[in-house]
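Here are the chains, one letter per residue:
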Amino acid sequence: MNIIDELEWRGAINQQTDKEGLRELTESKSIALYCGVDPTGDSMHIGHLIPFMILKRFQLAGHQPVALIGGGTGSIGDPSGRTSERQLQTMEQVDENAEKLSDQMRQLFNTGDETSDIRLLNNIDWLGNMKFLDFLREYGKEFNINTMLAKDIVSSRLETGISFTEFSYQIIQSIDFLHLYQEENVQLQIGGSDQWGNITSGLDLIRKKEGAEAEAYGLTIPLLLKADGTKFGKSAGGAIWLDPEKTTPYEFYQFWYNQDDRDVDKYLKYFTFLSQEEIADLAKKTEKEPHKRTAQKVLAEEMTRFVHGQEALDEAIQISEALFSGNVQDLTAEQIELSFKDVPALEAPRQEVDLVSFLVDVTEISPSRRQAREDIKNGAIYLKGERVQDLDYTVSEKDSYEGRFILVRRGKKRYFMVHLTGE
């Protein structure tokens, strides 16, 4: 199947500048294409991942991916999707973020084959030394203010106001496309639906500089919405990051596993490299046995493996299974911390104390001694995953994980992390 046909089947194309021309081009030869990301933060999140999944599909189809880190554009800020000006970062912070994003790109795209590995470029390399008068004479002259004002990316900001800095962004991104076309033989730019105006501006600049017959194309990806109409990519706790220090592989796995039945088929098409037949089979299983969450499990496995690797996936599955069964005693202290970082955190001195006193006086997990005794006798109290029903049980460091904290469960789902203090 042609790469364009596959993307259409997956519902991954919003707009194309020349559908038939691009199909013919990709069928006739291997092309270079690019997608950019500005280093406004030190990690990408799954919203960034949407267009880069398309870049990965082109790579697997035999084309040459180019990831453009916007060290130059990121220093001024893209007005897209914003109602106010960005807070400018220091160049030192931009450079640091750019290096971290580059590392993430290498992990996602490098296969060990230099002929197909991603080319990583930073537009600060050609924008950073450009003189202001050269910018105006060589490029500013090619842009009509009326046309720029009509672009959605700018017109949406006219009521609230936009600085000349952010207004200039589409010119600078156009220079990027021209540079990559001339120096790297890049013929296609892809991006989110909000980048359509910037992409078409780049194509206009290429044709003004290289001639009307220049073979260059643009493609955008639809805005991905959940079944409830809200924007994809957020959880109750905020963004889902690719950096494992910001969003652990376990949390990443759980995000995908907990997707709505109504969305999972769409996400399998967008985010995995499974075939049409495999996805159709999973859709049938979701329809017949939704309680088994087979499709969500496959989605979670595919995405966690792709972003974090097999070892991290194995650990995420181990933690998930332990929490589901309640058998947390076999998890390490680090795994427990990752899994229960959002439960109530308490402190207790490093001492031996009877269980009733520990629950009431030391931690206040139980509201009264009568309630504590009742919970213990009814089997509602667990230490380190083990049920304790002995009223005379003594709590000590032996019940902790590596002497650092004690995990207490009261009832079916209420957990408490009790950190031990003192020597």
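These notes cover the structure that comes with them. (Residues numbered from 1 in each chain as written. Predicted model: local features only at pLDDT ≥ 70, side-chain atom pairs only at ≥ 80, totals over all residues. Heavy atoms only, no water.)

1. Side note on the overall build of the protein chain
Working step 1: Tallying secondary structure elements over the protein chain gives 19 helices and 15 strands in all.
Working step 2: Each principal axis of the C-alpha distribution contributes one length, and for the protein chain these read about 85 × 50 × 45 Å.
Working step 3: In the protein chain, which comprises 423 residues, the share counted as buried stands at 50%.
Working step 4: Residue pairs at least 24 apart in sequence account for 71% of intrachain contacts in the protein chain once pairs closer than 6 positions are excluded.
Working step 5: When the accessible surface of the protein chain is totalled, it reaches about 20600 Å², and 46% of it is carbon and sulfur.
Working step 6: For the protein chain, the distance from the average site of its 48 positive side-chain charges to the average site of its 71 negative ones is 5 Å. (Helix = DSSP H or I, 4+ residues; strand = E, 2+ residues; numbered from the N terminus. Buried < 20%, exposed > 50% of the residue type's maximum accessible area, 1.4 Å probe, protein only. Contact = heavy atoms within 4.5 Å. Areas by Shrake-Rupley, 256 points an atom, 1.4 Å probe, with all protein chains shown as cover. Lys, Arg positive; Asp, Glu negative; His and termini not counted. Charge placed at Lys NZ, Arg CZ, Asp CG, Glu CD.)

2. So, the sheet that holds strand β6 (residues 217-221)
Working step 1: Read across the sheet, 6 strands follow the order β1-β6-β5-β2-β3-β4 without closing on themselves; strand pairing throughout is mixed. Either end of the sheet is taken by a strand with one partner, and the two such strands are β1 (15-16) and β4 (119-122).
Working step 2: Looking at chain direction, β1 and β6 are connected through 2 bridges and run antiparallel. The residue bridging Gln-16 from the neighbouring strand is Leu-219, located in β6.
Working step 3: Here helix α3 (residues 46-60) sits on the sheet and contacts β2 (32-37), β3 (64-69), β5 (186-192) and β6; the angle it forms with β2, its principal contact strand, is near 165 degrees. (Pairing = 2+ DSSP bridges. Axes fitted to C-alpha atoms, helices over the stretch in contact; angles between N-to-C directions.)

3. Regarding the packing of helix α13 (residues 261-271) against helix α14 (residues 276-288)
Working step 1: Two elements in contact, α13 and α14, have axes separated by 10 Å at closest approach and are oriented at 170 degrees. Regarding the angle of α13 to α14, the classification is roughly antiparallel. Counted together, Asp-261, Val-264, Asp-265, Leu-268 and Lys-269 of α13 and Ile-279, Leu-282, Ala-283 and Thr-286 of α14 form the full contact between these two elements.
Working step 2: Looking at the contact of α13 with α14, its residues break down into 5 nonpolar, 1 polar and 3 charged. (Parallel < 35°, antiparallel > 145°, perpendicular 65-115°, else oblique. Nonpolar A, V, L, I, M, F, W, Y, C, P; charged D, E, K, R; others polar.)

4. Thoughts on the side chain of Asp-263
Working step 1: As for its position among the elements, Asp-263 is in helix α13.
Working step 2: On the basis of relative accessible area, Asp-263 is assigned to the buried category, the value being 3%.
Working step 3: A distance of 2.8 Å separates the side chain of Asp-263 from the backbone nitrogen of Ala-227, its partner in a polar contact.
Working step 4: Contact partners of Asp-263, with chain neighbours within four places excluded, come to Leu-225, Lys-226 and Ala-227. (Polar contact = N/O pair within 3.5 Å; in protein donor to acceptor, adjacent residues only side chain to side chain.)

5. What to know about the pairing of β3
Within a regular strand, side chains alternate between the sheet's two faces.
Working step 1: Across the 6 residues of β3, 6 count as buried, placing the element largely inside the fold.
Working step 2: Burial of β3 is two-sided: the residues Gln-64, Val-66 and Leu-68 facing one way and the residues Pro-65, Ala-67 and Ile-69 facing the other way are all buried.
Working step 3: Taken together, the 6 bridges between β2 and β3 define a ladder with parallel strand orientation. Looking across to β3, one finds that Leu-33 is bridged to Pro-65.
Working step 4: For the crossover that starts at β2, traverses α3 and ends in the parallel β3, the hand is right-handed.
Working step 5: In this sheet, β4 lies alongside β3 in parallel orientation, the contact comprising 4 bridges. (Right-handed = clockwise from strand over helix to strand, strands pointing away.)

6. Observations concerning the nonpolar core
Working step 1: Formed by 59 residues in total, the largest nonpolar core has its most connected members in Trp-256 and Phe-271.
Working step 2: Element by element, the count of residues in this core is highest for α3, at 8 residues.
Working step 3: The residues touching Phe-271, leaving out its near neighbours within four places in the chain, are Ile-50, Met-53, Arg-57, Leu-224, Phe-232, Trp-256 and Met-303.
Working step 4: Listed in part, the 30 residues of the second largest apolar core include Ala-32, Phe-135, Tyr-181 and Ala-216. (Core = buried A, V, L, I, M, F, W, Y, C linked by side-chain atoms within 4.5 Å.)

7. Concerning the sheet that holds strand β14 (residues 405-410)
Working step 1: Taken in spatial order, the 5 strands line up as β9-β15-β14-β11-β12 in an open sheet, and their pairing is mixed. Edge positions in the sheet fall to β9 (345-349) and β12 (386-387), since each has one partner strand and no second.
Working step 2: One ladder, built from 6 bridges, connects β14 with strand β15 (residues 414-421); its direction is antiparallel. Bridge assignment links Phe-405 to a residue of β15, and that residue is His-419.
Working step 3: Strands β9, β11 (381-383), β14 and β15 of the sheet are contacted by helix α18 (residues 355-362), whose axis makes an angle of about 120 degrees with β9.

8. A look at the pattern of salt bridges
Working step 1: On inspection of all chains with the given rule, the structure shows 28 salt bridges.
Working step 2: A salt bridge links Arg-293 to Asp-261; its shortest N-O distance comes to 4.0 Å. Of the two residues, Arg-293 is situated in the loop between α14 and α15 (294-308) and Asp-261 in helix α13; the sequence distance between them amounts to 32 residues.
Working step 3: In the salt-bridge network here, residues are joined through shared partners; they are Asp-5, Glu-8, Lys-19, Glu-20 and Arg-23. (Salt bridge = Lys/Arg side-chain N within 4 Å of Asp/Glu carboxyl O.)

9. A closer look at the packing of aromatic side chains
Working step 1: Scanning the model with the defined rule gives 16 aromatic pairs in all.
Working step 2: With a centroid separation of 5.7 Å and an interplanar angle of 65 degrees, the aromatic rings of Tyr-34 and Phe-177 are classed as edge-to-face. Within this pair, whereas Tyr-34 is found in strand β2, its partner Phe-177 is found in helix α10 (residues 169-184), the two being separated by 143 residues in sequence. Just as Tyr-34 is buried, Phe-177 falls in that class too.
Working step 3: With a centroid separation of 6.2 Å and an interplanar angle of 70 degrees, the aromatic rings of Tyr-267 and Phe-271 are classed as edge-to-face. Taken as a pair, Tyr-267 and Phe-271 lie in helix α13 at a separation of 4 residues, close to a single helical turn.
Working step 4: The class for Tyr-267 is buried, based on a relative accessible area of 0%.
Working step 5: Accessibility expressed as a relative area gives 1% for Phe-271, which makes it buried.
Working step 6: Above the face of the Tyr-382 ring, Arg-409 is positioned so that its terminal group lies 4.0 Å from the ring centre. (Phe/Tyr/Trp six-rings, centres within 6.5 Å; stacked < 30°, edge-to-face > 60°. Lys NZ or Arg CZ within 6 Å of the ring centre and 35° of its normal.)

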